[in-house]
Structure formats: C-alpha cells, structure tokens
Amino acid sequence: MITLFLILWPVVVSLTIFIFRPKISKQIALLASLVEFILSLVVIFQFDGSGAAAFSMNIPWIASLGINFHIAIDGISLLLVLLTTGLMPFIILSSFNGPRQNSPNFYALILMMQMALIGVFTALDGFLFYVFWEMALIPIYFICLIWGGENKSRITLKFFIYTLAGSLLMLVALLILYYKTPGQHSFDIQALYAAGRSLGAAEQGLVFWGLFLAFAIKMPIFPFHTWQPDTYTVAPVEGTMLLSGIMLKMGFYGVIRWLIPMVPLGVTDWGFVAVLLSVVGIVYASALAIYQQDFKRLIAYASIAHVGLMSAGLLTLNKIGMQGALIQMISHGILAFALFYICEIISVRTNTRVIASLGGLRTNAPILTTVLMIAILGTVALPLTSGFVGEFLLLNSLFQYNFIIGATGGLTIILGAVYCLRAFQYMMLGKNTTTTTSISDLTGNEKIVLYPIVILIFVIGIHPDPLLKISEAAVGDLLELYVNFSAKTK
Amino acid sequence: MNALLIVCGLGFISLVAEIINLKKGLHIAIVLGLVVAVAAVIGDWNTSATFFNNMLIFDPFSVAFTCLIIVVGIFWFCLTSPFFIGESHQTDRTALIIFTMVGGIMMVSFHNMAILFLGIEILSISLYVLAGSHKESFFSNEAAFKYFIMGSFATGFLLMGIALVYGATGSFDTSEITMHIEGHKAGLPGFFYVGILLMLVGLAFKISVVPFHFWAPDVYAGSPTMITAFMSTVVKIAAVGAFYKIFGLCFFSVQMSVLPIIQGIIILTLLVANIIAVYQNNVKRMLAYSSIAHVGYMLLGFISGSVKFEGILFFYLASYATTSLIAFGILYAIENAKGSTSIDAVKGLYNQNPFAATCMTIALLSLAGIPPFAGFFSKYLIFGSAIEADHIMLVIVAVVTSLVGVYYYFKPIIYMFSPAQASDKLYLSAVQKAFLGMLTAAALLLGLLPEWIITILS
C-alpha cells in the first residue's frame with residue numbers, strides 16, 4: 001500500500017498544481033516532495049533487511065493479457081527510491097530563486113517525473129516497468145524543451161528519439177520473452193525470468209542486446225552517449241540534475257533487475273563486451289572532459305566517465321562490484337546535483353560558464369569555493385568522501401575481474417583529478433577577471449540546499465555501512481540466482 | 001439494425017429540413033437522433049441476426065463497429081458546429097454526412113457483396129461532394145475531382161473483382177462464398193484469384209495504403225478540415241472494417257494467396273507514409289500521411305492473425321479515431337482563427353490557448369505511441385501479435401518507422417511550445433472545450449484501462 005502511495009502522491013499533487021495553478025506552487029511542490037521523503041523514511045524503518053520483496057501489491061491490470069499492477073520494494077529498489085525521494089526536495093528547493101519559480105507547469109512536470117521514477121524502481125511486471133520507463137521521458141522532455149537553452153528543440157528531440165529507440169528495442173525483447181512464457185502468457189517478473197532462462201544461448205544473446213541497448217543509452221555508456229553532453233548542457237539546471245542525478249540510474253537499475261537474472265547466459269557471453277565498452281567510455285570521456293571549455297559540459301563528460309566505471313563494476317557480476325555500483329549511484333546523484341547547482345550559481349552570477357573567462361572566485365566567494373572543493377574531492381574519490389566508497393569497491397571488483405581492465409578503469413581517478421582540479425584551479429584560484437570581480441557568495445537559500453549536501457558527502461564517505469546493508473541481502477540473492485544458473489548450465 | 005434505420009431516417013429529416021424550415025434546430029436534433037441510435041445499438045449488443053434475406057448481418061463485430069461509427073459521428077458533429085452554422089447548404093451537408101455514416105454502417109455489416117458495393121458507393125458519393133463543399137476554394141474543388149476519379153476507378157476494380165468471385169463461386173453471399181471455397185479448395189479456377197486480387201486493389205484504394213494512396217494527401221489537404229477529420233475517422237473505421245470482413249473472414253481460407261502482397265503493402269506503407277510525413281510543413285497534410293501510416297500498422301496486426309485481432313483492431317480504430325478527432329478539432333479551430341493549417345499557424349499555441357495546446361500535445365503523443373496514452377497501447381498490441389506470429393523483420397521495420405513518427409509528430413509540439421510572435425488568442429467555444437476535454441480524457445483512459453475495449457469482441 002505504501003508503495004502505491006509513493007507512486008500516486010506525486011501525481012495527485014502534480015495534477016492539482018497543473019489544473020489549479022496556485023501562486024504558491026513551488027511551496028506546494030516542496031512540501032509534497034518532503035512528505036514523499038518522509039514516507040520513504042517510514043519504508044526504511046519498516047524494512048527488515050532481508051532480500052525478499054516487501055511492501056508489495058499485486059492487482060490485475062489487463063487480465064486478459066497477463067499484465068498485473070505488481071509493485072514492491074526490496075533492498076535494491078529501496079536505495080533508488082531513497083535517492084529519488086531524497087534528492088527531489090533539494091532539486092525543487094534549488095529552483096526557488098531561479099527563473100522557473102513562478103511556473104506551475106514546471107513543478108507539475110517535476111512531480112510527474114518523480115512518479116515515473118518511483119514506478120520504474122518498484123515495478124515487478126515487465127509491461128508496467130516499460131510504461132513507467134517511457135513515462136519518465138515525457139516530463140523531462142518537456143522540461144528541457146520549454147526551459148532549455150540554445151538549440152533546445154533540435155537537441156531535445158535527438159535525446160527523445162535516441163532513448164525511445166532503446167526503449168522500443170527493450171519492448172521487443174520483453175515481448176519475445178512474454179511469448180515464451182508457458183500457458184496463459186504473463187509479464188510477471190518471475191515468469192519472464194523463467195522464460196529468459198529457458199532460452200538457448202544465442203536467443204539469450206539477442207534478448208541481452210535488446211535490453212542492454214535500452215539501458216546503455218539511458219546511462220549512457222560509450223558509444224551510445226552522443227545525446228548526453230548536448231542534452232545536459234542545453235537542459236535547464238533542474239532538468240540536468242534530474243537527468244544525471246536520478247534518471248540515468250534507471251539504466252543501472254534495469255541491468256540489475258531486468259537483465260542479469262533474466263538472461264544469465266547472454267550476460268555470460270556478452271558481459272565482457274559490455275565491460276569493455278564501459279571502460280573505453282571511461283578513458284574516452286575523461287580525455288574529452290579535459291578539453292572542455294564549458295564547465296557544465298565538463299561535468300557532463302565527467303558523468304559519462306563515472307557511469308562507465310559503474311556499469312563496468314556492475315557487469316563484473318561479483319558482489320563487491322554490485323554493491324559498489326549501488327552506493328556509487330547514490331553518491332553520484334548527490335555529487336552531480338551539487339556540481340550542477342554550483343555551476344548554475346556561477347553562471348547566473350557571472351553570465352558565463354566558460355572556464356577560461358572565470359577566475360579568482362575564491363576572493364569574493366569563499367564559501368562557494370569551499371563547497372565546490374568538497375564536491376570535486378568527492379568526484380575524484382578522495383577517501384572520507386562519498387565518492388571514495390563506491391569507486392574503491394568498483395575498482396576492487398574490476399581488478400578481480402581482469403587486471404588490465406582494472407588498471408584502465410583506475411585511470412578514472414587520475415584523469416578525474418586532472419580535469420576537475422584543472423577547472424577548479426582556473427575558476428576559483430588566480431586573479432579576478434572582469435566577470436568575477438563583483439560576484440557574491442552563497443545566499444540563504446543556496447546554503448540551505450548545499451550544506452546538507454556537504455554533510456551527506458562526508459557522512460556517506462565515513463559511514464557507508466547502513467546504505468550498504470540495505471541492499472546487501474537483495475544483491476546476494478540476486479547473484480545467487482545468477483551463479484546457480486550458470487553452474488547448472490556448465 | 002434499428003440503428004441503421006434511425007440513421008437513415010435522420011438523413012431524410014435533414015433533407016426535408018430545408019423545405020419545412022427546420023434549419024435552426026437541425027444540428028441538435030441530429031445529435032440527439034444519433035444518441036438514440038447509439039442506444040439502439042447497445043440494445044443489440046451481443047446478439048446476432050441477419051436481415052433482408054441474409055443481406056445484412058448484425059453480429060457482435062458489426063454492432064461494435066456500428067457503435068464506434070455513430071459515437072465518433074456524435075463527437076464529430078459536436079466539434080464542428082461552426083462548419084454548419086452560418087454557412088450555406090447546411091441541410092445538404094448534414095444529409096451527406098449522415099448518408100456517409102449509413103454507407104459506413106453497411107460496409108461493416110454486409111453479408112452480401114451487393115451490400116458491400118452499395119455501402120461503399122453510398123459512402124463514397126457523399127464524400128466526393130463533401131470534399132468539394134468549399135465551393136470557392138480551388139483546392140477543395142481539386143480534392144473533390146481527384147477523389148471522384150480515383151474513387152470511381154477503385155470501385156471499378158472492386159466491382160470487377162466481385163463479379164469474378166461470383167463467377168467462380170456462384171454466389172454473392174459471403175458465407176456461401178466461404179463454404180464454396182472450403183468445399184472446392186483444389187478446384188478453384190484461376191480467375192477466382194484474379195477476382196480476389198482485384199478486390200484487394202479496390203479496397204486498398206479505399207483504405208489508402210501505399211501504393212494506392214496517391215489520392216489521399218491531396219484530398220485530405222484540399223478538403224475542408226473537418227471533412228478531412230471525418231474521412232480519417234468514420235470513413236477509415238468503415239473501410240478497414242470492410243477490408244477485415246472480406247479478407248479476414250470471407251476469404252479466410254485462401255488468405256495465404258494474398259498474404260505476400262499484403263506484406264509488401266505493409267512495408268511500403270510504413271516506410272513511404274512515415275518518411276514523406278517528415279517533410280510536410282502543413283499539419284493537415286502531415287496528419288494525412290500519418291493516417292496512411294496508421295493503416296499500415298493495422299494491417300501488420302491483420303497478417304499476424306491473432307485470435308484476438310478483432311478486439312485489437314477495434315481498439316486501434318477507437319484510439320486512433322479519438323486522438324485524430326482531437327488533433328483535427330484543434331486544427332480546425334486554428335484554421336478558423338488564422339486562416340491556415342501550416343506549421344507556423346500552431347506556433348506559440350501554448351501561450352494563446354493552454355487548454356488547446358495540452359489536448360493537442362496529448363493527441364500527438366498518443367499518435368506517436370507514447371505511454372500511457374491510447375495510441376501506445378494500440379501499437380503495443382500490434383507489435384505483440386506480430387511478434388507472436390514471428391514477423392520479427394516486419395516488427396523491426398515498424399519500430400523504425402515509429403521512431404520516424406516521433407520526429408514528425410513532435411514537430412508541431414515543438415512549435416506549440418515556442419514563444420508566440422503576436423498576442424493573438426485562440427478561442428474555443430464551451431461545447432468545443434467540453435468535447436475536446438472528453439476526448440482527451442478518453443485518450444488517457446483508453447491507455448490506462450484498455451481491458452474492457454479489447455475484450456469487447458471476445
């Protein structure tokens with residue numbers, strides 16, 4: 001029941017805002033997202049830590065086609081639900097002084113997006129999952145289309161068609177599995193698992209690629225990333241936060257829940273290619289990030305690099321890698337939010353995001369500089385920051401998987417330090433330029449947003465155990481499924 | 001059956017309305033009459049009966065399609081009141097529309113080739129006149145003339161086909177034809193297949209699939225906008241219904257002989273219609289090509305031969321008609337306000353009328369097949385049945401063309417949400433608003449709760 005409420009509550013508020021267009025829509029949206037967050041905390045306190053799906057609800061939706069409204073939360077879902085509900089109030093609060101603060105549509109779309117995201121992370125029915133997956137695309141498309149920057153219509157349409165192409169492939173793959181389910185066909189996840197495993201290796205390979213392309217485009221990993229830098233740059237900052245903070249995690253979640261247990265042979269056969277692509281992406285995106293002039297674009301490329309490490313670790317299929325990927329998703333969400341927000345603050349105050357034309361921000365804005373420093377240290381995975389835990393686990397798993405791949409993946413930290421610190425040095429240190437002489441430091445609202453984020457970066461970095469515990473049992477069960485199957489076929 | 005009689009009666013009422021000076025209340029009277037007809041259809045629900053010596057059959061399929069035709073007709077009448085009020089020839093136009101619906105109902109409930117032909121002719125001849133009902137417009141005249149010539153040509157093919165089939169089987173009655181085919185499978189003469197082929201060509205003209213589509217874009221773009229809406233909803237339902245009754249039911253056992261041709265038609269239709277639609281700068285013309293493309297998807301479901309196909313087709317047509325009525329209804333209002341249906345006319349629509357822009361956006365998203373709207377579900381059902389029948393290649397073509405579809409359906413959306421040049425507003429009457437709202441709600445509800453529509457025919 002509580003899961004259903006988590007999904008329905010944002011829709012109700014969103015529609016209310018959309019139809020009645022109240023003057024205080026931003027406050028309503030913030031309140032609604034806080035209520036949602038508190039609800040997700042309630043879920044955590046009731047969560048028993050076992051691997052089984054809890055808080056479930058299963059009612060027939062389209063009975064004649066074997067489609068059920070089946071939602072539940074287990075440890076893996078819980079982490080991502082927590083990320084969504086936790087980040088959403090920050091995203092809404094960060095828009096309070098921005099140009100979109102008086103637009104009810106904007107907040108209606110954000111809340112609609114939250115509904116779809118929670119739906120994706122809790123759905124246990126293939127069809128339902130697909131519907132939520134697609135529904136997440138509509139609000140973000142309109143957020144980018146209406147409030148985006150230069151060339152927005154061309155770039156957002158490319159983004160939409162690109163991701164839709166992946167989604168349709170996923171739909172075809174799910175349909176193929178659906179028609180392999182015995183008797184009265186069903187989209188239930190267990191039935192699809194069984195159907196996927198009954199296939200031969202070649203067929204599993206096909207289904208693997210159908211599903212993996214959808215997830216790879218969403219993350220995005222090399223070479224399916226070409227929509228990402230443009231879209232991140234052109235999107236309004238809240239849109240970028242939603243995209244990189246939460247939405248790309250849909251791809252990882254898809255791999256964990258819908259790919260690995262579904263077609264284990266496909267994963268065994270093709271997993272290496274996927275890991276290789278991810279690692280190539282790390283090096284490629286990091287190298288490009290070094291040359292970026294636009295700070296927002298730099299963060300976008302950095303995001304591709306980090307995503308590459310996460311997907312590589314995930315596909316090594318050992319517990320450390322999976323746990324690392326999960327905690328890194330949380331950490332990446334928080335850090336991406338912080339970086340994009342600071343980037344926005346700087347660009348609003350100086351009217352530029354070009355690194356070369358900034359400089360000496362430190363003199364007038366020491367707090368801003370410190371916060372950015374912390375966020376950047378988190379990004380380059382300094383110990384005691386949240387980024388370290390995840391990257392350590394991920395690299396650990398990569399080294400266990402293959403030494404060369406591990407070593408290449410390790411470049412992410414070195415190259416990350418290069419592009420992050422270089423940008424930091426140019427923007428924050430040195431002499432003031434004409435654009436930065438009169439910059440003011442963080443103000444009240446910005447502090448309210450960024451201070452808790454800073455605290456979170458350290459808390460997760462120092463004591464990640466509670467988060468790791470949430471997903472541990474679920475990840476263990478999932479891998480057991482996979483390992484058992486692989487052993488049996490061997 | 002009663003519904004058909006009621007609708008016929010309404011046609012005569014509107015013809016004599018001019019003489020007995022009933023013009024003022026005619027529009028409302030027609031709508032009320034159609035509502036009564038819907039009630040009559042619902043009275044026949046789940047019954048099956050033949051009439052006039054097996055000329056007409058009202059089985060669940062016919063009843064459901066009749067109901068759809070009349071309900072869409074009601075919505076059409078409510079959205080188009082300006083088309084009738086304040087213009088000349090109000091009664092003639094009303095009568096022609098009603099007779100088109102009569103023809104449509106006959107096309108989905110025939111049990112005899114003669115009635116099929118009669119239905120098609122009643123429908124087409126009324127439409128030829130309607131297409132030219134903007135007498136001063138050059139394009140409207142062109143549309144009418146083109147439609148007439150191409151249409152008569154197609155009818156000729158159809159008639160020749162019916163004659164050849166009659167020659168081979170000795171009957172016009174569809175169930176007797178089916179029985180004859182079953183009984184003499186090996187001994188059917190060659191000209192029987194020629195007859196089937198000719199009928200396929202004739203009907204392909206009517207449902208406007210590539211390569212028999214050349215009339216469609218010009219006719220759709222030239223006709224008055226609401227007549228175009230009528231063609232792409234009511235007429236499409238009737239034509240596709242007739243196509244299914246002939247090739248899905250009557251010629252079921254020799255279906256294999258035309259399947260390769262239909263497969264070719266599907267691939268051509270999906271590719272050509274979708275690709276040409278990309279290059280249109282007129283929303284009306286774009287919707288014309290999109291309407292051709294949607295028939296391609298319907299045929300893809302047809303050749304997959306799913307046992308649930310009747311329900312799927314019904315759902316597809318219902319959702320397509322719903323969304324296409326919204327799009328055309330709003331386009332009609334835009335045309336009235338700005339005198340054009342080009343893509344520039346929709347620019348800034350969101351600032352001019354947020355309600356219209358929201359409805360139009362939902363309609364276009366649904367046409368593009370984005371969940372949770374009705375159009376997604378209809379496409380899903382088609383893809384599903386095609387995958388079940390192992391037509392993976394065709395599904396991949398359909399997936400690619402769906403992506404192309406997103407490109408051109410999103411073009412008006414992008415224009416609608418871009419800032420407007422002038423501050424001219426777009427006004428919708430309260431009736432238009434109410435019915436557009438209802439249709440939009442239907443587009444959403446059909447997508448969220450498709451179960452009851454799909455199972456209506458099983």
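Everything below is about the structure printed above this text.
In what follows, the accompanying structure is described.

**Things to note about the overall build of chain A**
In step 1: Counting secondary structure elements, chain A contains 21 helices and two strands.
In step 2: For chain A, whose C-alpha radius of gyration is 22 Å, the value lies close to the compact-globule estimate of 23 Å for 490 residues.
In step 3: The C-alpha extent of chain A, read off along each of the three principal axes, is 70 × 55 × 45 Å.
In step 4: Expressed as a percentage of its 490 residues, the buried residues of chain A come to 66%.
In step 5: At a minimum sequence separation of 6, the contacts of chain A that also span at least 24 residues come to 81%.
In step 6: Total accessible area computed for chain A in this model is approximately 16100 Å², and 69% of it derives from carbon and sulfur atoms.
In step 7: Positive and negative charge centroids in chain A, built from 24 and 20 side chains respectively, lie 9 Å apart.

**Let's talk about the interface of chain A and chain B**
In step 1: Across the boundary between the two partners, chain A contributes 34 residues, which contact 35 residues of chain B.
In step 2: Taking both sides of the interface into account, the surface hidden between chain A and chain B amounts to around 2900 Å²; carbon and sulfur atoms contribute 82%.
In step 3: Summed over the shared surface of chain A and chain B, the number is zero salt bridges.
In step 4: Here chain A is connected to chain B by five residue pairs in polar contact (both at pLDDT 80 or more).
In step 5: Of all the elements in the fold, those that place two or more residues in the side of chain A that touches chain B are β1 (54-62), α5 (126-135), α6 (137-147) and α7 (152-178) of chain A.
In step 6: Top element by residues in the side of chain A that touches chain B is α7(A). It accounts for twelve residues.
In step 7: A breakdown of the residues in the side of chain A that touches chain B according to their chemical character gives 28 nonpolar, four polar and two charged.

**Comments concerning the packing of helix α3 (residues 75-94) of chain A against helix α12 (residues 249-259) of chain A**
Residue and element names in this part refer to chain A.
In step 1: Relative to each other, α3 and α12 sit at 170°, their axes nearing to 11 Å. As far as their axial angle goes, α12 and α3 are roughly antiparallel. Contacts between α3 and α12 involve Ile-76, Ser-77, Leu-80 and Leu-83 from the former and Lys-249, Tyr-253, Ile-256 and Arg-257 from the latter.
In step 2: In terms of residue class, the contact of α3 with α12 is made up of five nonpolar, one polar and two charged.

**Section: the side chain of B:Ser366**
All names here are of chain B.
In step 1: Structurally, Ser-366 is set in helix α16 (residues 354-368).
In step 2: What makes Ser-366 buried here is its relative accessible area of 1%.
In step 3: A polar contact of 2.8 Å, which involves the side chain of Ser-366, links it to the backbone nitrogen of Gly-375.
In step 4: Residues in contact with Ser-366, not counting those within four places in the same chain, are Thr-323, Phe-373, Ala-374, Gly-375 and Phe-376.

**With respect to the nonpolar core**
In step 1: Of all hydrophobic cores here, the largest spans 389 residues; its most connected members are A:Phe215, B:Ile70, B:Phe247, B:Phe251 and B:Tyr380.
In step 2: Broken down by element, this core gets its largest block of residues, 19 residues, from helix α14 (residues 309-338) of chain B.
In step 3: Not counting chain neighbours up to four residues away, the residues in contact with B:Tyr380 comprise A:Leu65, A:Ile67, A:Phe127, A:Leu171, A:Leu175, A:Tyr178 and A:Phe187.

**Here we look at the packing of aromatic side chains**
In step 1: As enumerated under the stated definition, the model contains 64 aromatic pairs over all chains in all.
In step 2: The interplanar angle of 25° and the centroid separation of 5.9 Å between the aromatic rings of A:Phe337 and A:Tyr341 together place this pair among those described as stacked. In this pair, A:Phe337 and A:Tyr341 both sit in helix α15 (residues 319-350), four residues apart, roughly one turn of the helix. The exposure classification of A:Phe337 matches that of A:Tyr341, with both residues buried.
In step 3: An aromatic cluster is present here, built from B:Phe61, B:Phe65, B:Phe192, B:Tyr193, B:Phe243, B:Tyr244, B:Phe247, B:Phe251, B:Phe302, B:Phe309 and B:Phe314 joined pairwise through their rings.

**A word on the pairing of β1(A)**
Residue and element names in this part refer to chain A.
In step 1: In this sheet, strand β2 (residues 67-73) lies alongside β1 in antiparallel orientation, the contact comprising six bridges. In the strand pairing of β2, Ile-62 is matched with Ile-67.
In step 2: Turn length for the β1-β2 hairpin, with the two strands adjacent in sequence and antiparallel, is four residues, and the turn residue Gly-66 shows positive phi of about 70°.

**Topic: the pairing of β2(A)**
In step 1: Buried residues dominate β2(A), accounting for seven of its seven residues.
In step 2: The alternating pattern of β2(A) places A:Ile67, A:Phe69, A:Ile71 and A:Ile73 on one face and A:Asn68, A:His70 and A:Ala72 on the opposite face, and all of these are buried.

Quick notes on the rules
- Residues numbered from 1 in each chain as written.
- Chains lettered and ligands numbered in written order.
- Predicted model: local features only at pLDDT ≥ 70, side-chain atom pairs only at ≥ 80, totals over all residues.
- Heavy atoms only, no water.
- Helix = DSSP H or I, 4+ residues; strand = E, 2+ residues; numbered from the N terminus.
- Rg over C-alpha atoms; globule rule 2.2 N^0.38 Å.
- Buried < 20%, exposed > 50% of the residue type's maximum accessible area, 1.4 Å probe, protein only.
- Contact = heavy atoms within 4.5 Å.
- Areas by Shrake-Rupley, 256 points an atom, 1.4 Å probe, with all protein chains shown as cover.
- Lys, Arg positive; Asp, Glu negative; His and termini not counted.
- Charge placed at Lys NZ, Arg CZ, Asp CG, Glu CD.
- Buried area = accessible area lost by both parts, 1.4 Å probe.
- Salt bridge = Lys/Arg side-chain N within 4 Å of Asp/Glu carboxyl O.
- Polar contact = N/O pair within 3.5 Å; in protein donor to acceptor, adjacent residues only side chain to side chain.
- Nonpolar A, V, L, I, M, F, W, Y, C, P; charged D, E, K, R; others polar.
- Axes fitted to C-alpha atoms, helices over the stretch in contact; angles between N-to-C directions.
- Parallel < 35°, antiparallel > 145°, perpendicular 65-115°, else oblique.
- Core = buried A, V, L, I, M, F, W, Y, C linked by side-chain atoms within 4.5 Å.
- Phe/Tyr/Trp six-rings, centres within 6.5 Å; stacked < 30°, edge-to-face > 60°.
- Pairing = 2+ DSSP bridges.

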